[in-house]
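As a plain string of letters, each chain reads:
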Amino acid sequence: AQSVTQLDSHVSVSEGTPVLLRCNYSSSYSPSLFWYVQHPNKGLQLLLKYTSAATLVKGINGFEAEFKKSETSFHLTKPSAHMSDAAEYFCVALTGGFKTIFGAGTRLFVKA
Amino acid sequence: DAGITQSPRHKVTETGTPVTLRCHQTENHRYMYWYRQDPGHGLRLIHYSYGVKDTDKGEVSDGYSVSRSKTEDFLLTLESATSSQTSVYFCAISESAANYGYTFGSGTRLTVV
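Let me sum up the structure you'll find in this document. Each chain carries its own residue numbering, running from 1 in the direction its sequence is written. Both sets of labels track the order of writing: A upward for chains, 1 upward for ligands. Where totals are concerned, whole chains, interfaces and linings use all residues; where local detail is concerned, this predicted model gives features only for residues with pLDDT of at least 70, and gives and counts side-chain atom pairs only at 80 or more. Note that the side-chain values use all heavy atoms of the structure and ignore hydrogens as well as water.

**A word on the overall build of chain A**
- Helix and strand assignments follow DSSP, with helices taken as H or I runs no shorter than four residues and strands as E runs no shorter than two, numbered in order from the N terminus. A tally of helices and strands in chain A yields zero helices and 12 strands.
- Radius of gyration means the value over C-alpha atoms here, while the globule rule gives 2.2 Å times the residue count to the 0.38 power. For 112 residues, the compact-globule estimate of 2.2 N^0.38 gives 13 Å, and chain A sits close to it at 13 Å.
- Projected onto its principal axes, the C-alpha positions of chain A cover 40 × 30 × 20 Å.
- Relative to its full complement of 112 residues, chain A shows a buried share of 44%.
- For chain A, the accessible surface area stands at approximately 5,400 Å², while carbon and sulfur atoms represent 51% of it.
- For chain A, the centre of its 10 positive side-chain charges and the centre of its 7 negative side-chain charges are spaced 5 Å apart. Residue exposure (1.4 Å probe, protein chains only): buried if accessible area is under 20% of the type maximum, exposed if over 50%, otherwise partly exposed. Accessible surface is estimated by sampling points in the Shrake-Rupley manner with a 1.4 Å probe; for residues, cover comes only from the protein chains shown. Lys and Arg are tallied as positive, Asp and Glu as negative. Neither His nor the chain termini are counted. Lysine's charge is taken at NZ, arginine's at CZ, aspartate's at CG and glutamate's at CD.

Structure follows, in structure tokens:
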């Protein structure tokens with residue numbers, strides 16, 4: 001079965017320290033993968049996407065993600081967290097046609 | 001969110017009443033989607049449209065219907081609202097079959113009492 005698993009429901013970091021949000025996928029196909037961010041009372045905003053080009057994908061606001069086929073992972077990272085990064089993050093897989101699978105989300109807390 | 005608006009932003013309705021949510025886009029995108037977001041479930045697809053008058057069901061379509069009579073508008077109707085339909089509803093658009101990612105609206109918070 002196709003699935004997206006975000007390994008942490010909550011992540012807490014201090015401002016200025018690195019961020020790592022983990023995502024594993026399971027798919028019969030080579031998927032397109034996305035990370036979205038959702039700030040409180042807002043819609044989801046696309047951070048970055050992987051569509052079988054470069055395995056290291058750079059997104060907005062200093063985020064990047066690396067596609068590792070051998071590990072079926074697409075972890076999101078940022079070298080230095082900012083207070084404005086506090087939000088919920090969703091890993092999403094598009095496996096074919098309209099089969100879009102959302103992870104359950106990871107809430108990122110950033111401490112001053 | 002630029003190019004896509006949802007109305008109303010908030011609504012409280014009584015069980016058994018019909019409710020229509022509207023999604024309006026100015027991007028001329030072919031594909032439009034309705035999702036619901038609930039704690040612990042992430043986002044789940046209700047219905048989607050791939051053109052005017054062309055719609056199909058998603059994974060949680062029971063109790064919902066949609067219509068798309070113009071490219072820019074995608075309506076979601078709850079024929080007889082139930083408390084289990086209390087949720088935040090998001091509309092999304094995409095230029096192609098989602099390979100470029102979605103643009104989401106700001107959401108409609110619906111409470112059924």
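Text resumes after the structure shown.
**Some points on the overall build of chain B**
- Looking only at helices and strands, chain B features zero helices and 11 strands.
- Along chain B, helices (α) and strands (β) appear in the sequence β-β-β-β-β-β-β-β-β-β-β when read from the amino end.
- Against the 2.2 N^0.38 benchmark of 13 Å for 113 residues, chain B shows a C-alpha radius of gyration of 13 Å, consistent with a compact globule.
- Seen through its principal axes, chain B has C-alpha atoms that stretch 35 × 30 × 25 Å.
- Evaluated residue by residue, chain B yields a buried proportion of 50% over its 113 residues.
- The long-range fraction of contacts in chain B, counting pairs at least 24 apart against all pairs at least 6 apart in sequence, stands at 56%.
- Charge-centre separation for chain B: the mean point of 11 positive side chains lies 3 Å from the mean point of 12 negative side chains. The contact criterion used throughout is that any non-hydrogen atoms of two residues lie within 4.5 Å.

**A few points about the environment of B:Gly3**
Residues and elements named next belong to chain B.
- The topology assignment puts Gly3 in the segment before strand S1 (4–7).
- Using a relative accessible area of 18% as the deciding quantity, one classes Gly3 as buried.
- Setting aside chain neighbours within four positions, we find Gly3 in contact with His24, Gln25, Thr26, Glu27 and Ile93.

**Digging into the interface of chain A and chain B**
- Between chain A and chain B, the contact holds 19 residues from the first and 21 residues from the second.
- When chain A packs against chain B, close to 1,500 Å² is buried across both sides, 59% of that on carbon and sulfur atoms.
- Any pair of N or O atoms that falls within 3.5 Å is considered a polar contact. Within protein, one atom must be able to donate a hydrogen and the other to accept it, and sequence-neighbouring residues count only if both atoms are side-chain atoms. On the surface where chain A and chain B come into contact, there are three residue pairs in polar contact (both at pLDDT 80 or more).
- Of all the secondary structure elements, the ones that give two or more residues to the side of chain A that touches chain B are strand S5 (32–38), strand S6 (44–50), strand S10 (87–94) and strand S11 (100–102) of chain A. Summed over both partners, the accessible area lost on bringing two parts together, with a 1.4 Å probe, is the buried area.

**Focus: the side chain of B:His47**
Residue and element names in this part refer to chain B.
- Looking at the element boundaries, His47 is found in strand S5 (residues 42–51).
- Among the polar contacts made by the side chain of His47, one reaches the main-chain carbonyl oxygen of Tyr64 at a distance of 3.1 Å.
- In this view, His47 contacts Tyr33, Trp34, Asp56, Lys57, Gly58, Ser61, Tyr64, Ser65, Val66 and Phe74; residues no more than four positions away in its chain are not counted.

**A few points about the pairing of strand S3 (residues 19–25) of chain B**
All names here are of chain B.
- Burial along S3 is one-sided: Val19, Leu21, Cys23 and Gln25 are buried, and none of Thr20, Arg22 and His24, which face the opposite way, are.
- In the sheet, S1 pairs with S3 via four bridges, with the strands oriented antiparallel. Bridge pairing links Gln6 to Cys23 in S3.
- One ladder, built from six bridges, connects S3 with strand S8 (residues 73–78); its direction is antiparallel. The residue bridging His24 from the neighbouring strand is Asp73, located in S8. The pairing criterion is simple: DSSP has to find at least two bridges between the two strands.

**Observations concerning the packing of aromatic side chains**
- Whether two aromatic rings pair depends on their centres lying within 6.5 Å, for rings of Phe, Tyr and Trp, where Trp uses its six-membered ring; planes under 30 degrees apart make the pair stacked, over 60 edge-to-face, and the rest tilted. Under the defined criterion, the tally for this structure stands at 17 aromatic pairs over all chains.
- Each ring, one from A:Phe34 and one from A:Tyr36, has its centre 6.2 Å from the other, and the planes form 35°; the classification is tilted.
- For A:Tyr36, a relative accessible area of 2% puts it in the buried group.
- Note on B:Tyr33 and B:Tyr35: the rings are 6.5 Å apart at their centroids and 35° apart in plane angle, and the pair reads as tilted.
- Members of the aromatic cluster, each reached through a chain of ring pairs, are A:Phe34, A:Tyr36, A:Phe102, B:Tyr33, B:Tyr35, B:Tyr48, B:Tyr50, B:Phe90, B:Tyr102 and B:Phe104.

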